[in-house]
Amino acid sequence: MNQSEQQRQRAYQRAAQAMQPRRPLFRNTVVAFLVGGLICVVGQLFLWLLRSRGLPPKEAVALTSGIMIFWGALLTGLGAYDNLGRIAGMGAALPITGFANSMTSPAMEYKREGYVLGVGARLFTVAGPVIVYGLVSASAVVLIRWLFLAR
Amino acid sequence: MPKWLGQQTVTFYQPPVVLSTASVVGPKEGEGPLGQYFDVVKGDRLLGQKSWELAEKMLCEEACDSAIKKAGLQPSDVDFFLAGDLLNQIITANFSAETLGVPFLGLFGACSTLAEGLALGAMLIDGGFASKVLVGCSSHHDTAERQYRYPTELGVQRPPTAQWTVTGAGAVLLGTSGPGPRITHATIGKVISMGIKDPSDLGSAMAPAAAETIWQHLQDAGRTPDYYDAIVTGDLGAVGHPLCRKLLSDRGVTMPESFNDCGLMIYDRAKQRVDAGGSGCGCSAVVFTGYLVARLIARQLTRLLLVPTGALFSPTSWQQGQAIPAVAHAVALEIPS
């Protein structure tokens, strides 16, 4: 590509950029905060309920996660969670219900290609990168801790 | 006599005629401002099928069947079937062709496929190679979502530049004579890339191709935009359409108010949550077969330039960092008064 062609493309990209509608960042942030917060409040209510029934803290936390995953998966199956995600963005994606959505939606979508080549092979299409880099960064943090802090 | 005009345009001496058209759409398209113009509006997007792909095939087959029946013909009367869609290996078109049993040529021009089909169909007919050609195009919101983006039930926030793939199929039956609109010219576009890499902003990627083809068509045919009652692009949407207008105005071509876009016409953007508008092969296909042809037949329009645009990328190409090239073809239609 010669230089004038590059300049022409850059000029066009700037013009296109100027035409782009702005993301409603303020609205998105507020809605993400409210919806994400609401999901966490629901989780907290379950946790209190389980604790009040005498479940030890560790078990109560684990069971709360299980309950929230169930709700995320159920709402995905009912076709509601994608609407919640569209409206609330990260507020719906970040809580554990969002993780449930990221696992359930590929399972539903790729079931049509069968349980091995579909569900089995593609279940982690969305959650895969999160898990991979979650593990990588956790390992890095542990390494740093082991090298500099633990002694 | 040569049928070649200028750089990229062909002209037809016995302009092929649109014998019949049919459009079948999903529920969202039926709720849009053009809902009343479509032949069939489906109540849901899965159509009782096992997969989105089978549902899209049903849309395509129904549109093709309906167009043939409307002309009072049988599939065996059709010489060639030209069709395409957005899916890998154009499976909707291939599988519909199997059902239809008509000699078939598969097309891929992404969302510009309708114009590619109309141009080639008209060439086959005016060239004397066929007397009846069926052109079919389809897209489906969910087949496109899962192929190009994410599983359909994943909760994702769409950027405001994103467009909504139309669930719908359109079919056009072309013949040699009749009272319908005729195809007078076709301008075949070049593939153009301006370095846009964002797959959720296809309007910006396609606008230069549309502007280039419209400009070239006007040059080749020796016309100004005023010659046409309407110039309609395929699916540039709310971002690409004003960009296309600006690119043309930079080259000294002022587009009239009537310059419109199928992607902006098919949905009510304020109410239907489609962000920048409609897209997909089905977008220009159903707006043309449902609405624009009806307006031509009612003589509310007498000269139409249809310019569907296609973004020629795949998930692999954009993930590997390649820019998104685009193409646009123009088809000129007139209805004899």
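Here, the structure is the one placed above.
Everything quoted here is computed from the prediction, not taken from an experiment.

## Some words on the overall build of chain A
Helix and strand content of chain A: eight helices and zero strands. The helix and strand sequence of chain A, counted from the amino end, reads α-α-α-α-α-α-α-α. Taking 15 Å as the expected radius of gyration for a compact globule of 151 residues, we find that chain A reaches 22 Å, considerably beyond that expectation. Taken along its principal axes, the extent of the C-alpha atoms in chain A is 75 × 50 × 40 Å.

## A closer look at the interface of chain B and chain A
Residue-level contacts link 29 residues of chain B with 33 residues of chain A. Summed over both partners, the interface of chain B with chain A comes to about 2700 Å²; 58% of that surface belongs to carbon and sulfur atoms. Looking only at chain B, the three residues that lose the most surface to chain A are E153, Q157 and M194 of chain B, adding up to 27% of its buried area. Here chain B is connected to chain A by two salt bridges. Taking the shortest distance from any N to any O, the salt bridge between R146 of chain B and E109 of chain A comes out at 3.3 Å. Scanning the region where chain B abuts chain A turns up 15 residue pairs in polar contact (both at pLDDT 80 or more). Where the side of chain B that touches chain A is concerned, the elements lending two or more residues are helix 6 (202-221) and helix 7 (237-250) of chain B. Of all the elements, helix 7 of chain B adds the most residues to the side of chain B that touches chain A, at five residues.

## Re the packing of helix 4 (residues 113-126) of chain B against helix 9 (residues 281-297) of chain B
Residue and element names in this part refer to chain B. Running from amino to carboxyl end, helix 4 crosses helix 9 at an angle of 60 degrees, the nearest separation of the two axes being 8 Å. The pairing of helix 4 with helix 9 is recorded here as oblique in orientation. Together, T113, L114 and L118 of helix 4 and C281, S284, A285 and F288 of helix 9 make up the contact between the two elements. Per-class residue counts for the contact of helix 4 with helix 9 are five nonpolar, two polar and no charged.

## What about a nonpolar patch on the surface?
All names here are of chain A. A cluster of nonpolar residues, I69, I96, F99, F124, V130, I131 and L135, forms a patch on the protein surface that exposes about 610 Å² of accessible area. For the nonpolar patch, the secondary-structure elements that each account for two or more residues are helix 6 (96-110) and helix 8 (127-149). Here the nonpolar patch gets three residues from one element, more than from any other, and that element is helix 8. You can call F124 partly exposed: its relative accessible area is 45%.

## With respect to the packing of aromatic side chains
All told, the structure shown has five aromatic pairs over all chains when counted by the stated rule. A ring pair is formed by Y37 of chain B and Y291 of chain B, whose centres lie 4.7 Å apart and whose planes are at 75 degrees; its orientation type is edge-to-face. Of this pair, Y37 of chain B sits in the loop between helix 1 (27-31) and strand 4 (40-41) while Y291 of chain B sits in helix 9, placing them 254 residues apart in sequence. Between Y227 of chain B and Y228 of chain B, the aromatic rings sit 5.1 Å apart at their centres with planes inclined by 80 degrees, giving edge-to-face as the arrangement. Taking NZ or CZ as reference, R122 of chain A lies 3.9 Å from the ring centre of Y110 of chain A, over its face. The aromatic ring of Y227 of chain B is capped on one face by R223 of chain B, whose charged end is 3.9 Å from the ring centroid.

## Let's talk about the pattern of salt bridges
In total, this model carries 17 salt bridges over all chains according to the counting rule given. Here R112 of chain A makes a salt bridge to E109 of chain A, at a shortest N to O gap of 3.1 Å. Given a relative accessible area of 31%, R112 of chain A falls into the partly exposed group. The partner of R45 of chain B in a salt bridge is D142 of chain B, and the shortest N-O contact between them spans 2.5 Å. Here the residue R45 of chain B occupies a position in the loop between strand 4 and helix 2 (52-70), and D142 of chain B occupies one in helix 5 (residues 141-148), the gap between them amounting to 97 residues. Residue R45 of chain B is classed as partly exposed on the basis of its relative accessible area, which comes to 28%.

## Brief notes about unusual backbone geometry
Residue and element names in this part refer to chain B. Here R273, not a glycine, exhibits a phi torsion of approximately 55 degrees, which is positive. Summarising the element assignment, R273 is placed in the loop between helix 8 (262-265) and strand 13 (278-279). According to the relative accessible area criterion, R273 is exposed, its value standing at 53%. In this model, R299 sits at a positive phi of 60 degrees, which is unusual for a non-glycine residue. Secondary-structure assignment places R299 in the loop between helix 9 and strand 14 (303-307). You can call R299 partly exposed: its relative accessible area is 39%.

## Looking at the environment of G178 of chain B
Residues and elements named next belong to chain B. As for its placement among the helices and strands, G178 is situated in the loop between strand 9 (168-175) and strand 10 (182-187). For G178, a relative accessible area of 26% corresponds to the partly exposed category. Each C-alpha atom of the pair G178 and V18 lies 7.9 Å from the other, and the pair is 160 residues apart in sequence.

## Digging into helix 7 of chain B
One turn of an α-helix holds 3.6 residues; hence residues three or four places apart share an orientation. A rise of 1.5 Å per residue sets the reference length of helix 7 of chain B, with its 14 residues, at 20 Å; its end C-alpha atoms lie 20 Å apart and thus fit the reference within 8%. Buried within helix 7 of chain B are the following residues: G237, V239, G240, H241, L243, C244 and L248 of chain B. Turning to helix 7 of chain B, the residues buried within the fold contact helix 1 (3-19) of chain A together with helix 6, strand 11 (230-233), strand 12 (260-261) and helix 8 of chain B. Within two residues after helix 7 of chain B, G252 of chain B carries a phi angle of roughly 85 degrees, on the positive side.

## Comments concerning the pairing of strand 5 (residues 80-84) of chain B
Residues and elements named next belong to chain B. Within strand 5, four of the five residues are buried, which leaves it mostly tucked inside the rest of the structure. The pairing of strand 5 with strand 7 (residues 133-139) spans five bridges and is classified as parallel. Note that in strand 7 the partner of F81 across the bridge is L134. The handedness of the strand 5 to strand 6 (residues 104-107) crossover, carried by helix 3 (residues 91-100), is right-handed.

## Overview of the packing of helix 2 of chain B against helix 5 of chain B
Residue and element names in this part refer to chain B. Where helix 2 contacts helix 5, the axes come no closer than 8 Å and their chain directions differ by 135 degrees. Classed by the angle they form, the pair helix 2 and helix 5 counts as oblique. Both helix 2 and helix 5 take part in a crossing whose hand is left-handed. For the pair helix 2 and helix 5, the contacting residues are W52, E53 and E56 in the first and D142, T143 and R146 in the second. When grouped by side-chain class, the residues that make up the contact of helix 2 with helix 5 number one nonpolar, one polar and four charged.

Cut-offs and rules
- Residues numbered from 1 in each chain as written.
- Chains lettered and ligands numbered in written order.
- Predicted model: local features only at pLDDT ≥ 70, side-chain atom pairs only at ≥ 80, totals over all residues.
- Heavy atoms only, no water.
- Helix = DSSP H or I, 4+ residues; strand = E, 2+ residues; numbered from the N terminus.
- Rg over C-alpha atoms; globule rule 2.2 N^0.38 Å.
- Contact = heavy atoms within 4.5 Å.
- Buried area = accessible area lost by both parts, 1.4 Å probe.
- Salt bridge = Lys/Arg side-chain N within 4 Å of Asp/Glu carboxyl O.
- Polar contact = N/O pair within 3.5 Å; in protein donor to acceptor, adjacent residues only side chain to side chain.
- Axes fitted to C-alpha atoms, helices over the stretch in contact; angles between N-to-C directions.
- Parallel < 35°, antiparallel > 145°, perpendicular 65-115°, else oblique.
- Nonpolar A, V, L, I, M, F, W, Y, C, P; charged D, E, K, R; others polar.
- Patch = residues over 30% accessible without salt bridge, like charges linked within 9 Å, V, L, I, M, F, W, Y side chains within 5 Å.
- Areas by Shrake-Rupley, 256 points an atom, 1.4 Å probe, with all protein chains shown as cover.
- Buried < 20%, exposed > 50% of the residue type's maximum accessible area, 1.4 Å probe, protein only.
- Phe/Tyr/Trp six-rings, centres within 6.5 Å; stacked < 30°, edge-to-face > 60°.
- Lys NZ or Arg CZ within 6 Å of the ring centre and 35° of its normal.
- Expected span 1.5 Å × (residues − 1).
- Pairing = 2+ DSSP bridges.
- Right-handed = clockwise from strand over helix to strand, strands pointing away.
- Left-handed = near helix turned anticlockwise from the far one by under 90°.

Honestly, that's just the spatial picture; any functional story needs more than this.
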